[in-house]
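# Remarks on the overall topology
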Amino acid sequence: MRNSLYFYYLTLNLFKDKKKLISTILISSIIIFLLSSIFFIQDSIKASLKSTIKNQPDFIIQKNRGGRQVDLPLDWIDKISQIYGVTSITPRVYGRYYFEDKKKWALIIGVDFLEDISNKELEKIFKDINLKEFIKGSNMIVGSEVYSYLKSHFYNKDYNFLSPNGEFIKVKIYKVLPKELALNYGNVIITSLDLAKKILGVDEDKISDIAINVANKDEWANIEDKLNALFYDILVVSKDDIKRAYDNIFNFKGGIFLSLFLITLTTFMLILYQRYSLVNLDEKKEIAILRSLGWSVKDILKFKLFESLISAIFAFLIGVLSAYIFVFIFNAPILKDIFLGDSNLKNSVIFIRVVDFSTIATIFILFIIPFIASILIPVWKIAISSPKEALK
Amino acid sequence: MIKIKNLYKKFKDFEALKSINLEINDNEVVILKGVSGSGKSTLLSLIAGFDKPTSGVILIDNEPISKLPDLHLSRFRFKNIGFVFQNFNLIKNLTPLDNILAPLIPYEKSLQKAQKKALNALKVANIEHKAKEIVANLSGGEQQRVAIARAIINSPKYLLFDEPTANLDKNNSLLFLDLVKKLKNLNKTIIIATHDPIFDKLEVEFKTIKLEDGRVYE
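Below, the structure is looked at part by part.

Here is what the cut-offs are and how they apply
Residues numbered from 1 in each chain as written. Chains lettered and ligands numbered in written order. Predicted model: local features only at pLDDT ≥ 70, side-chain atom pairs only at ≥ 80, totals over all residues. Heavy atoms only, no water. Pairing = 2+ DSSP bridges. Helix = DSSP H or I, 4+ residues; strand = E, 2+ residues; numbered from the N terminus. Axes fitted to C-alpha atoms, helices over the stretch in contact; angles between N-to-C directions. Contact = heavy atoms within 4.5 Å. Buried area = accessible area lost by both parts, 1.4 Å probe. Polar contact = N/O pair within 3.5 Å; in protein donor to acceptor, adjacent residues only side chain to side chain. Nonpolar A, V, L, I, M, F, W, Y, C, P; charged D, E, K, R; others polar. Salt bridge = Lys/Arg side-chain N within 4 Å of Asp/Glu carboxyl O. Buried < 20%, exposed > 50% of the residue type's maximum accessible area, 1.4 Å probe, protein only. Core = buried A, V, L, I, M, F, W, Y, C linked by side-chain atoms within 4.5 Å. Patch = residues over 30% accessible without salt bridge, like charges linked within 9 Å, V, L, I, M, F, W, Y side chains within 5 Å. Areas by Shrake-Rupley, 256 points an atom, 1.4 Å probe, with all protein chains shown as cover. Lys, Arg positive; Asp, Glu negative; His and termini not counted. Charge placed at Lys NZ, Arg CZ, Asp CG, Glu CD. Parallel < 35°, antiparallel > 145°, perpendicular 65-115°, else oblique. Left-handed = near helix turned anticlockwise from the far one by under 90°. Phe/Tyr/Trp six-rings, centres within 6.5 Å; stacked < 30°, edge-to-face > 60°. Lys NZ or Arg CZ within 6 Å of the ring centre and 35° of its normal.

### A look at the sheet that holds strand 3 (residues 29–33) of chain B
Residues and elements named next belong to chain B. Spatial ordering of the open sheet is given by 6-7-8-3-9-10, a layout of six strands whose pairing is mixed. Pairing within the sheet leaves two strands with one partner each, and these edge strands are strand 6 (81–84) and strand 10 (215–217). Averaged over all pairs of adjacent strands, the angle between their axes in this sheet comes to 20°, without regard to strand direction. Judged from the four bridges that link them, strand 3 and strand 9 (residues 207–212) form a sheet pairing that is parallel. By the bridge assignment for strand 9, Ile31 is matched with Thr208. Of the strands in this sheet, strand 6 and strand 7 (158–162) are in contact with helix 2 (residues 70–80), which crosses strand 6 at around 80°. Relative to strand 8 (residues 189–194), helix 6 (residues 170–185) is tilted by about 155°, and along the sheet it contacts strand 3, strand 7 and strand 8.

### What to know about the interface of chain B and chain A
At the junction of the two partners, chain B supplies 34 residues and chain A supplies 26 residues. Between chain B and chain A, the buried area comes to about 2,700 Å², and carbon and sulfur atoms account for 60% of it. The largest share of the area that chain B buries against chain A comes from Phe50, Ile105 and Leu111 of chain B, three residues that together contribute 22% of it. Inspection of the region where chain B meets chain A yields 11 residue pairs in polar contact (both at pLDDT 80 or more). Residue assignment for the side of chain B that touches chain A shows that the elements contributing at least two residues are helix 1 (40–48), helix 2, helix 3 (96–101) and helix 4 (111–124) of chain B. Broken down by element, the residue count for the side of chain B that touches chain A peaks at six residues, all from helix 2 of chain B. Residues of the side of chain B that touches chain A, tallied by class, amount to 17 nonpolar, eight polar and nine charged.

### Remarks on the pattern of salt bridges
In total, this model carries 19 salt bridges over all chains according to the counting rule given. Where Arg75 of chain B meets Asp299 of chain A, a salt bridge forms, and the shortest distance between an N and an O atom there is 2.8 Å. In this pair, Arg75 of chain B is assigned in helix 2 and Asp299 of chain A in helix 12 (residues 297–329), connecting two distinct chains. Judged by its relative accessible area of 11%, Asp299 of chain A is buried. A network of salt bridges, in which partner residues are shared, links Asp26, Asp61 and Lys157 of chain B.

### What to know about the sheet that holds strand 4 (residues 55–60) of chain B
Residues and elements named next belong to chain B. Reading across the sheet, the four strands line up as 2-1-4-5 and stay open at both edges, with antiparallel pairing between neighbours. The two strands at the open ends of the sheet, each matched to only one other strand, are strand 2 (14–24) and strand 5 (63–64). By the bridge criterion, five bridges tie strand 1 (residues 2–11) to strand 4 in an arrangement that is antiparallel. Opposite Lys3, over in strand 4, you have Leu59 as the bridge partner. Where helix 1 meets the sheet, it contacts strand 1, strand 2 and strand 4, and its direction lies at approximately 120° from that of strand 1.

### Points about the nonpolar core
Among soluble globular proteins, nonpolar side chains are generally buried collectively. One finds Phe367 of chain A together with Ile2, Ile4, Leu43, Ile60, Phe161 and Ile191 of chain B to be the most contacted residues of the largest nonpolar core, which totals 130 residues. Residues within four places of Ile2 of chain B in sequence aside, it is in contact with Leu22, Glu23, Ile24, Ile47, Ile58, Leu59, Ile60, Tyr158 and Ile191 of chain B. Judged by nonpolar contacts, the second largest core, of 41 residues, contains Ile61, Ile83, Ile89 and Val142 of chain A.

### Some thoughts on a positive patch on the surface
A cluster of basic residues, Lys50, Lys54, Lys124 and Lys127 of chain A, forms a positive patch at the surface. For Lys124 of chain A, the position within the fold is in helix 4 (residues 120–126).

### Topic: helix 1 of chain B
All names here are of chain B. Taken across its nine residues, helix 1 has eight buried, putting it largely inside the fold. Among the residues of helix 1, those classed as buried are Lys40, Thr42, Leu43, Leu44, Ser45, Leu46, Ile47 and Ala48. Phi for Gly49, located one or two positions after helix 1, is positive at around 80°.

### As for helix 8 (residues 193–200) of chain A
Residue and element names in this part refer to chain A. Counting buried residues along helix 8, six of its eight residues qualify, which places the element largely inside the surrounding structure. Here helix 8 has its buried residues at Leu193, Leu195, Ala196, Lys197, Ile199 and Leu200. Directly after helix 8, the chain includes Gly201, whose backbone phi takes a positive value near 75°.

### Some points on the packing of helix 2 (residues 18–54) of chain A against helix 12 of chain A
Residue and element names in this part refer to chain A. Relative orientation of the contacting elements helix 2 and helix 12 amounts to 40°, with a least axis distance of 7 Å. Taken as axis vectors, helix 2 and helix 12 run oblique relative to one another. Viewed along their axes, helix 2 and helix 12 form a crossing whose handedness is right-handed. Among the residues making up the contact of helix 2 with helix 12, the classes are represented as 16 nonpolar, eight polar and no charged.

### Notes on the environment of Ile31 of chain A
On the secondary structure map, Ile31 of chain A appears in helix 2. Considered as a pair, Ile31 of chain A and Leu265 of chain A are 234 residues apart in the sequence and their alpha carbons are 7.9 Å apart.

### Some remarks on the side chain of Asp299 of chain A
Of the polar contacts made by the side chain of Asp299 of chain A, one reaches the backbone nitrogen of Ser296 of chain A; its length is 3.0 Å. Ignoring anything within four residues of it in the chain, the contact list for Asp299 of chain A reads Tyr6 and Gly294 of chain A together with Arg75, Pro106 and Tyr107 of chain B.

### Observations regarding a negative patch on the surface
All names here are of chain A. There is a patch of like negative charges on the surface, built from Asp71, Asp75, Asp78, Asp194, Asp203, Glu204 and Asp205. One can find Asp71 in the loop between strand 2 (68–70) and strand 3 (72–73). A relative accessible area of 33% means that Asp71 is categorised as partly exposed.

### Details of the packing of aromatic side chains
Residues and elements named next belong to chain A. The tally for this structure, following the rule as stated, stands at 26 aromatic pairs over all chains. Residues Phe59 and Trp220 carry aromatic rings whose centres are separated by 5.8 Å and whose planes lie at 65° to one another, so their mutual orientation is edge-to-face. With Phe59 in strand 1 (residues 59–65) and Trp220 in helix 9 (residues 220–230), the pair connects residues that are 161 residues apart, well separated along the chain. By relative accessible area, which is 0% here, Phe59 ends up buried. Pairing Phe99 with Tyr159 gives two aromatic rings, centres 5.5 Å apart and planes at 80°, and the pair type is edge-to-face. Here the residue Phe99 occupies a position in the loop between strand 4 (86–98) and strand 5 (105–111), and Tyr159 occupies one in strand 7 (residues 158–162), the gap between them amounting to 60 residues. For the pair shown, Phe99 and Tyr159 are each scored as buried. Aromatic rings pair up to connect Tyr97, Phe99, Tyr149, Tyr155, Tyr159 and Phe161 into one cluster. Here the guanidinium or amino end of Arg96 rests over the ring plane of Trp105, the centre of that ring lying 3.7 Å away.

Given below as structure tokens:
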């Protein structure tokens, strides 16, 4: 390589005009950086939602009265357990708890730790905690956004909840969930079932809803029919319904993604168009000189292809790498708010590191083809004309 | 040998060359004389294969260069024709050595071999002492010698010069005449398009072809 005349001339030509090289790489890197950041965030949110859906129970049973969800009796659990095919039943208590300023709230989830936990994501959270100790005391596991809020109000170790009957309940912060789970659990407080009932004012013989799992997917429709036959006033929410709801949210986010993507791509095309229409005189002259010295059109195109490929790959690597650092290390400031919108509590979402190589390949193709074309088309136009004319 | 038969060149409505018939022998020095617009530069461009004639044929060593496809024409030009432009057309922000390497890029793989050839060419053109300076800092005469070195790097049989003394002072013009003598001794066929009377002082045997209004008057 070091003794190759071609390589020598290629590097010589690249570094001949350092200003042009730096500006080309800089502009291209910024475009790649924006495109990659958008793609990385999209992939990361997609992966988080996918894992959330995967960890959802197969069915959630709610009681409806006048189109409004109400608490349901605890004894429904026994009736549901009679249905053949149901593999696990988890009673759940949850509800919004509004803090003192009434504008901020957290979602309290009560979990029956003695029962099977239908949510696999929660199962992972509880894996490394001492359940006996946790249930015995008045403890809670809080999401990272909740913790930031409590800390900002000087509740570093515990918090006094005000129950609907005016009683203060002091609950200790047992664990803070990692920021990686903030997309789904940032504003969540997890307590024992009984404690949640006390804080939310749910009667002892009532629960908010029931999560059930059915191992055989072919039986899902059948089980849904049986549940509807058993209780006249229930709403059965299947995993597919949840998936649809998440998809709707994501389609909305996808719209934002598309707008940003189109803006970035349009800017890129405009820059390329400008380059295409303003091939500088020195470049024109140089191509004509090379033609007059015995370079064929093919030789010129090949040389310019290599030259532009080197700067394009360099810009691509800088852009992708800086986008990776921006999204996964600095957590995409500004762009994060565009994607996640305003949050009830201070947004502390950390994007999980997902790098899909097909995404990188897509960015590469979206960038490299117009980039190379914007260089090779004008070069080809000059190369096929008479060198004498181009040198005038 | 160069044979030109019934050569016509038209630019839109303007007839630049009309029915040119010429024969230039090997190792001959030919001075194409004529006022500006007489067609000498156009003829030189057609011989170099930079442009295609409207009609007629140019045969160089029996190759109809105006009919060769691009790739063959480029290879033929590289092997057989060296061209020196009136304003030299060097890449100004490179050194003479790097400028001279340019014709070899598609053909030569080894950098060392190419540099050796380039230094030899610079020596023949008496400019090897400026090999590593930036071209933009060289004088007109020096730039011309770099352009000549670039034209002869592959030892082509034919050397074409377009108004070689137009941008030179008298001293440098005389130095150029010496260089023509040196190149003729290297068995080159040289065609010079000029209207400069200084070529009357050329100390080698040469043929003058007069061009007027696109026609030849030998």
